[in-house]
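These are the residues of each chain, in order.
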Amino acid sequence: MAAKILANLIVMGSGLLARAVVQAYRQALANAAKSGVTHETLQNAARRASKVMTEQEARQILGVSEETAWEEIMKAKVRGFI
């Protein structure tokens, strides 16, 4: 009997917690929209959370510009590994 009550409490508690997390996330998005945080900023935060490097970040690390030829980029990459 006690195990059944405990199991019900755990299931109900996890359901409440999941709903609270979803509601908090929605509220955070609404607050961000009201305060002027752009969609791009939210995407950048998500991108950083997934640890994906953008082309701009890679160019900055290699010290090359958008006009740099591919051969120069490859030389900069090789220099970075030496």
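Bear in mind the structure is a predicted one, so any value in this text is a computation, not a measurement.

What counts and how
- In this numbering scheme, every chain counts its residues from 1 along its sequence in written order.
- Local features in this predicted model are restricted to residues of pLDDT 70 or higher, and side-chain atom pairs are both shown and tallied only at a pLDDT of 80 or more, whereas totals for entire chains, interfaces and linings draw on every residue.
- Just so you know, side-chain values use all the structure's heavy atoms and leave hydrogens and water out.
- Note on definitions: salt bridges are taken to be side-chain nitrogens of Lys or Arg within 4 Å of carboxyl oxygens of Asp or Glu.
- Segments assigned H or I by DSSP are reported as helices when at least four residues long, segments assigned E as strands when at least two residues long, and all are numbered from the N terminus.
- Type-normalised accessible area, obtained with a 1.4 Å probe on protein chains alone, sets the label of each residue: buried when under 20%, exposed when over 50%, and partly exposed for intermediate values.
- Whether two residues touch is decided by their heavy atoms; if any such pair falls within 4.5 Å, the residues are in contact.
- For a helix, the expected span equals 1.5 Å multiplied by the number of residues minus one.

One pass over the full model with this rule turns up two salt bridges. In this structure, the salt-bridge partner of Glu55 is Arg59, at a minimum N-O distance of 2.9 Å. Residue Glu55 and its partner Arg59 are both found in helix H3 (residues 55–62); the two are separated by four residues, about one turn of the helix. Judged by its relative accessible area of 55%, Glu55 falls in the exposed class. In this structure, the salt-bridge partner of Lys75 is Glu72, at a minimum N-O distance of 3.8 Å. One end of the pair is Lys75 and the other is Glu72, both in helix H4 (residues 70–81) and three residues apart, which spans about a single turn. With relative accessibility at 46%, the residue Lys75 sits in the partly exposed group. Glu72 gets classed as partly exposed once you look at its relative accessible area, which sits at 38%.

Moving on, we get to the side chain of Arg59. The exposure class of Arg59 is buried, given its relative accessible area of 17%. Arg59 has contacts with Val64, Ser65, Glu66 and Ile73, leaving out every residue within four places of it along the chain.

Here helix H1 (residues 2–35) contains 34 residues, and its C-alpha end-to-end distance of 48 Å stays within 8% of the 50 Å for a straight helix at 1.5 Å per residue. Residue Gly36 follows H1 closely and has a positive phi angle near 95 degrees.

All we've got here are geometric facts, nothing functional implied.
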